[in-house]
Amino acid sequence: MKIITTGTVAHLQGDLTHSGISHTITKSLAAALQQIVTRGLKTLHIDCSRIHCADASGLQLLYVWMQCARFRGVEPTLINLPDYLKLSMRSMEFGDCFNELVPAG
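Thresholds applied
Every chain is numbered on its own, with residues counted from 1 as its sequence reads. Only residues with pLDDT of at least 70 get local features here, since the model is predicted, and only at 80 or more are side-chain atom pairs given and counted; chain-wide, interface and lining totals rely on the full set of residues. Side-chain metrics rest on all non-hydrogen atoms present in the structure, leaving aside hydrogens and water. Only DSSP runs of H or I reaching four residues or more are called helices, and only runs of E reaching two or more are called strands; each is numbered from the N terminus. Taken over C-alpha atoms, the radius of gyration is set against a globule rule of 2.2 Å times the number of residues to the power 0.38. We get accessible surface area from the Shrake-Rupley algorithm with a probe of 1.4 Å; when it comes to residues, only the shown protein chains can shield them. We count Lys and Arg on the positive side and Asp and Glu on the negative side, and we leave His and both chain ends out. Every charge is mapped to an atom, namely NZ of Lys, CZ of Arg, CG of Asp or CD of Glu. In this analysis, the expected span of each helix is defined as 1.5 Å times one less than the number of residues it contains. Classification of residues uses two cut-offs on accessible area relative to the type maximum, computed with a 1.4 Å probe and protein chains only: under 20% is buried, over 50% is exposed, and between them is partly exposed. As used in this structure description, the phrase polar contact means that two N or O atoms lie within 3.5 Å; if the pair is within protein, one of them must be able to donate a hydrogen and the other to accept it, and residues adjacent in sequence are counted only when both atoms belong to side chains. Cysteine sulfur atoms that pair up within 2.5 Å are treated as a disulfide. Strands qualify as paired when DSSP identifies two bridges or more between them. Whether a crossover is right-handed comes down to one check: with the strands pointing away from the viewer, does the path from the first strand over the helix to the second run clockwise; if it does, it is right-handed. The directions considered for the arc are those from the helix axis to the C-beta atoms. Residue contacts follow a heavy-atom distance rule, with two residues in contact if any of their heavy atoms lie within 4.5 Å.

Caption draft 1: Fine view of the overall build of the protein. Scanning the protein from N- to C-terminus turns up 4 helices and 4 strands. Tracing the protein from N to C terminus, the helices and strands come up as β-β-α-β-α-β-α-α. A globule of 105 residues ought to have a C-alpha radius of gyration of about 13 Å, and the protein, at 13 Å, matches this closely. Each of the three principal axes of the protein carries a C-alpha extent, and together these read 35 × 30 × 20 Å. Within the structure as shown, the protein displays about 5,700 Å² of accessible surface, and the carbon and sulfur contribution to it stands at 55%. A distance of 12 Å separates the average location of the 9 positive side-chain charges in the protein from that of its 8 negative side-chain charges.

Structure (structure tokens):
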């Protein structure tokens, strides 16, 4: 899993799974959020188009990261969410966690 931040967009790339998450990505997520906060930005768009697969551990990390953003005054939104990822969220019963963070449409 990698994260590349450009402006107010964080591009997630790779496997959002237990085996795809490392100590490095956790630090990268924290650094990306700090960068957004330091620049005084109030929105964070999380581009999910390059996520290959996700499991419960990965979705938990994503949800916690998004909640941390909210606690820091940044409003996160998932963008470019592939259909298979939406289905994974629902089938793993994470639908309610992410409903308000995914734009309608």
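Caption draft 2: Inspection of helix α2 (residues 56-71) at higher detail. Relative to the 22 Å expected for 16 residues at 1.5 Å per residue, α2 spans 22 Å between its end C-alpha atoms, a close match to the ideal helical length. Looking only at α2, the buried set comprises Gly58, Leu59, Leu62, Trp65, Met66, Gln67 and Ala69. Backbone nitrogen of Ser57 and a side-chain oxygen of the N-cap are separated by 3.2 Å at the start of α2; the cap is Asp55. Gly73, located one to two residues past α2, shows a positive phi value of around 85 degrees.

Caption draft 3: Representation of the state of the cysteines. On inspection of all chains with the given rule, the structure shows 0 disulfides. Free cysteine Cys53: the closest other cysteine sulfur is in Cys48, separated by 13 Å.

Caption draft 4: Just the pairing of strand β3 (residues 43-54), in detail. Bridge analysis of strand β2 (residues 9-16) against β3 gives 7 bridges, and the strand direction is parallel. Along β3, the bridge assignment pairs Gln13 with Arg50. For the crossover that starts at β2, traverses helix α1 (residues 23-38) and ends in the parallel β3, the hand is right-handed. For β3 and strand β4 (residues 75-79), the ladder comprises 5 bridges, and the chain directions are parallel. For Thr43, the partnering residue across the bridge sits in β4 and is Glu75. With respect to chirality, the unit in which β3 leads through α2 into the neighbouring parallel β4 is right-handed.

Caption draft 5: Molecular detail of helix α3 (residues 83-91). All of the buried residues along α3 are Leu85, Ser88 and Met89. Projected down its long axis, α3 shows its buried positions confined to an angular sector of 100 degrees, all on one face. Exposed residues pointing more than 90 degrees away from the buried face of α3 are listed as Asp83, Leu87, Arg90 and Ser91. Here the buried face of α3 lies against β3, α2, β4 and α4 (95-98).

Caption draft 6: Local environment of the environment of Ile3. Assignment of secondary structure puts Ile3 in strand β1 (residues 2-6). Sequence separation of Ile3 and Gly14 is 11 residues, and the distance between their C-alpha atoms is 8.9 Å. Aside from chain neighbours lying at most four places away, what touches Ile3 is Ala10, His11, Leu12, Ile25, Ser28, Leu29, Ala32 and Trp65.

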